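One-letter residues, chain by chain:
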Amino acid sequence: MTLEAGQAAVAHRDGSGAVGTVEAPRRGRWIDVWDPEDSGFWAGKGRAVARRNLWPSIFAEFLGFSVWQLWSIVVVSMPRAGFTYSTDQLFWLVALPSLVGATLRLPYTFAVPRFGGRNWTVVSALLLLVPTVGLSYFMTQPTTPFWLMALVAATAGVGGGNFASSMTNISFFYPEKEKGFALGVNAAGGNLGVAVVQLLVPIIIVAGAGLTLNRAGLMWLPLIVLAAVWAWKAMANLSVANSSFRTSIAAAKRPHTWVISFLYIGTFGSFIGFGAAFPLLIKTTFADITPAHYAFLGALVGSVARPFGGRLADRVGGAWVTVCSFVVMGLGILSAVFALNAESFPAFLGSFLVLFVASGIANGSTYRMIPAVFRLTTPDDSGRARREAAACIGIASAVGAYGGFLVPRGFAMSTSHFGSLVPALYVFCGFYVLCLLVTYFCYLRKGGPLSRERV
């Protein structure tokens with residue numbers, strides 16, 4: 001049931017067993033009776049309500065990712081606009097939003113049960129005005145000192161926090177059998193923002209005559225307001241989305257939370273890290289290639305692949321899909337090394353597209369493992385399993401997002417110390433081998449505690 005602002009329904013049963021409600025003061029639109037695992041409830045009205053909440057959530061998350069990764073494409077044009085920062089400093093501007101965004105993801109997860117999914121979607125969307133307005137102004141100030149520009153770039157991290165709150169909120173709306181695909185679609189819609197920002201910004205900033213970098217921020221302002229209004233009008237808060245700080249502490253004590261978080265560094269961390277660094281990698285490695293023509297392709301194919309990873313994991317198990325994805329990612333890295341040695345941009349682009357597709361699939365499959373693992377390890381308390389799984393989603397999303405900082409900085413250090421990207425690529429390849437072994441040992445090895453289950 002959905003109620004208007006200022007009302008809330010508290011479920012109770014009378015002597016006949018019928019469900020009734022009493023009014024209690026509470027701000028916002030709240031739903032107090034929600035059981036998606038009840039097939040009758042889900043078919044009757046649950047699915048429609050879930051979808052009504054999913055689409056504005058996707059749009060707000062899409063804008064969050066777009067703002068989060070705005071600097072990944074803006075830095076490519078900053079030298080032409082009169083900014084004199086070094087290549088290492090440009091990589092810092094790319095990496096800082098990911099560092100801040102990863103750090104914000106955990107408190108953003110707590111915001112959903114504290115304020116309500118609808119309410120927090122509105123607030124988190126409006127917070128995107130801060131980095132976009134800031135970028136719009138400072139892109140007209142080429143004499144800005146690096147430390148101040150770094151602070152402005154860091155504010156874009158608020159866009160990275162949106163993912164955790166959105167995924168936590170949507171995880172409560174869907175039944176177990178559809179959760180993998182729903183989370184995959186929700187995440188893919190957000191991830192697509194990386195591709196869109198890298199495609200549209202280069203077009204917008206040169207429309208007309210000359211280069212106008214401040215448009216890279218201005219273009220998002222009306223869309224941000226639209227996202228907040230849509231969330232306010234269409235979404236609802238769920239009372240059952242009550243994962244507390246205590247629940248998060250309980251989830252943090254689970255070894256599986258940290259295993260999955262580690263794997264998510266390899267999956268999502270690779271996607272967001274490569275996505276952030278890709279335009280600058282092209283510019284600094286292949287000087288005769290225009291990054292704007294190709295950079296968006298990586299994030300695009302990775303975003304599109306993500307829901308298919310969730311769907312495939314629903315059918316065959318997330319652990320197997322994740323293991324296979326790490327194998328492909330390792331091969332993609334080795335192919336990229338070959339392309340660099342051969343100085344072949346087509347081979348380099350193709351190798352990275354393989355990496356993006358595999359990381360996108362692994363993003364979906366790894367997230368699908370979370371509710372399955374917690375359900376199997378907490379068989380006697382399904383409510384606790386759902387709450388701790390939601391908390392794990394927030395923790396894993398935060399830990400994994402640090403890859404968005406580590407990958408660009410890894411490339412910067414490799415270039416500074418060795419004059420090549422190859423050492424960094426070999427380190428990444430070794431990390432994928434380690435992730436593969438961890439996945440196999442924890443979830444697939446014969447005789448393991450979960451090996452007989454389709455995790």
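Residues numbered from 1 in each chain as written. Predicted model: local features only at pLDDT ≥ 70, side-chain atom pairs only at ≥ 80, totals over all residues. Heavy atoms only, no water.

Trainee: Help me understand helix H7 (residues 158-173), please; the structure alone is not making it clear to me.
Mentor: Think of an α-helix as 3.6 residues a turn; residues three or four steps apart then line up on the same face. Look at H7: 24 Å from first C-alpha to last across 16 residues, which is about the 22 Å you get at 1.5 Å a residue. With 16 of its 16 residues buried, H7 lies for the most part within the structure. (Helix = DSSP H or I, 4+ residues; strand = E, 2+ residues; numbered from the N terminus. Expected span 1.5 Å × (residues − 1). Buried < 20%, exposed > 50% of the residue type's maximum accessible area, 1.4 Å probe, protein only.)

Trainee: Just checking my understanding: could you explain the state of the cysteines for this structure?
Mentor: Here, the word disulfide means a covalent bond between the sulfur atoms of two cysteines. Taken as a whole, this structure holds 0 disulfides when the rule is applied. No disulfide involves Cys392; its nearest neighbouring cysteine sulfur is the one of Cys442, lying 13 Å away. Take Cys392: its relative accessible area is 0%, and that puts it in the buried class. Between Cys429, a free cysteine, and Cys435, which holds the nearest cysteine sulfur, the sulfur-to-sulfur gap is 11 Å. (Disulfide = S-S within 2.5 Å.)

Trainee: Can you walk me through the nonpolar core in this structure?
Mentor: Note that soluble globular proteins tend to have their nonpolar side chains buried in a common cluster. Within the largest apolar cluster, 135 residues are counted, with the highest numbers of intra-cluster contacts made by Trp71, Met78, Phe352, Phe411 and Tyr443. Among the elements that line this core, the one with the most residues is helix H12 (residues 255-285), at 14 residues. Ignoring any residue separated from it by four or fewer positions in sequence, one finds Phe411 in contact with Phe91, Phe274, Ala277, Leu281, Phe352, Leu421, Ala424, Leu425 and Phe428. (Core = buried A, V, L, I, M, F, W, Y, C linked by side-chain atoms within 4.5 Å. Contact = heavy atoms within 4.5 Å.)

Trainee: Explain the environment of Met149 to me, please; I cannot follow it from the model alone.
Mentor: For Met149, the position within the fold is in helix H6 (residues 146-154). Placed 37 residues apart in sequence, Met149 and Val112 show a C-alpha to C-alpha distance of 31 Å.

Trainee: Explain the environment of Gly134 to me, please; I cannot follow it from the model alone.
Mentor: In this fold, Gly134 is placed in helix H5 (residues 129-138). For Gly134, a relative accessible area of 15% translates into the label buried. Separated by 22 residues in sequence, Gly134 and Ala156 place their C-alpha atoms 9.3 Å apart.

Trainee: Is there a simple way to think about empty space enclosed by the protein in this case?
Mentor: Rolled over the atoms, a probe as big as a water molecule pinpoints where empty space is left. For the structure shown, the criterion picks out 2 cavities of 30 Å³ or more. Counted as a void, the largest cavity has a volume near 90 Å³. When residues of the lining of the largest cavity are traced back to their parent elements, those giving at least two are helix H1 (39-68), helix H4 (117-126) and H7. A class-by-class count of the residues in the lining of the largest cavity yields 3 nonpolar, 8 polar and 1 charged. (1 Å grid on protein atoms, 1.4 Å probe; cavity = no way out; pocket = protein on both sides within 12 Å on 5 of 7 lines; lining within 4 Å. Points joined across faces, edges and corners; volume = space filled by probe spheres on them. Nonpolar A, V, L, I, M, F, W, Y, C, P; charged D, E, K, R; others polar.)

Trainee: Looking at this model, I keep getting lost on the packing of aromatic side chains. Mind explaining?
Mentor: For any pair of aromatic rings, geometry is given as the distance between the ring centres together with the angle between the planes. Applying the stated criterion across every chain yields a total of 36 aromatic pairs. Both rings, one in Phe83 and one in Tyr85, keep their centres 5.9 Å apart while their planes meet at 35°; by these two values the pair is tilted. By the burial criterion, Phe83 is buried, and Tyr85 matches it. When the centroid spacing of 5.6 Å and the interplanar angle of 15° are considered together, the rings of Phe163 and Phe268 count as stacked. Taken together, the positions of Phe163 in helix H7 and Phe268 in helix H12 put the pair 105 residues apart, joining distant regions of the chain. Each member of the pair Phe163 and Phe268 is classed as buried. In this structure, Arg445 packs its charged tip against the face of Phe441, placed 4.2 Å from the ring centre. (Phe/Tyr/Trp six-rings, centres within 6.5 Å; stacked < 30°, edge-to-face > 60°. Lys NZ or Arg CZ within 6 Å of the ring centre and 35° of its normal.)

Trainee: It is not clear to me how unusual backbone geometry should be interpreted in this structure. Could you clarify?
Mentor: With glycine set apart, most residues show a phi of negative sign, and most peptide bonds adopt trans. One non-glycine residue, Glu343, adopts positive backbone phi at about 55°. Of note, Glu343 is situated in the loop between helix H14 (318-342) and helix H15 (345-377).

Trainee: Explain the pattern of salt bridges here, please?
Mentor: Oppositely charged side chains can pair when the atoms bearing their charge come close. Applying the stated criterion across every chain yields a total of 5 salt bridges. In this structure, Glu388 engages Arg384 in a salt bridge whose closest nitrogen and oxygen atoms are separated by 2.9 Å. Of this pair, Glu388 and Arg384 both sit in helix H16 (residues 382-401), 4 residues apart, which is roughly one turn of the helix. One salt-bridge network, held together by shared partners, links Arg254, Arg384 and Glu388. (Salt bridge = Lys/Arg side-chain N within 4 Å of Asp/Glu carboxyl O.)

Trainee: How should the confidence of the model for the chain be read in this particular structure?
Mentor: Detailed reading of the predicted coordinates is not advisable wherever pLDDT falls low. Scored by pLDDT, the chain has a mean of 88; 93% of the residues are at 70 or more. Across residues 1-25 the pLDDT falls below 50, and counting only partners more than four positions away or on other chains, this stretch makes 50 contacts in the model. (pLDDT = per-residue confidence, 0-100.)

Trainee: Whenever I open this one, H12 confuses me. Can you help?
Mentor: Its maximal kink placed at Phe278, H12 deviates by approximately 45°, while the proline Pro279 follows within four residues. Of all 31 residues making up H12, 24 are buried, and the element is well covered by its neighbours. (Bend = angle between axes of the 7 residues up to and from the residue.)

Trainee: What is the right way to look at a nonpolar patch on the surface in this model?
Mentor: Taken together, Val327, Val328, Leu331, Leu334, Val354 and Tyr426 make up a surface patch of nonpolar side chains, about 510 Å² in accessible area. The dominant element in the nonpolar patch, judged by the number of residues it contributes, is H14, at 4 residues. Position of Tyr426 relative to the elements: it lies in helix H18 (residues 422-444). (Patch = residues over 30% accessible without salt bridge, like charges linked within 9 Å, V, L, I, M, F, W, Y side chains within 5 Å. Areas by Shrake-Rupley, 256 points an atom, 1.4 Å probe, with all protein chains shown as cover.)

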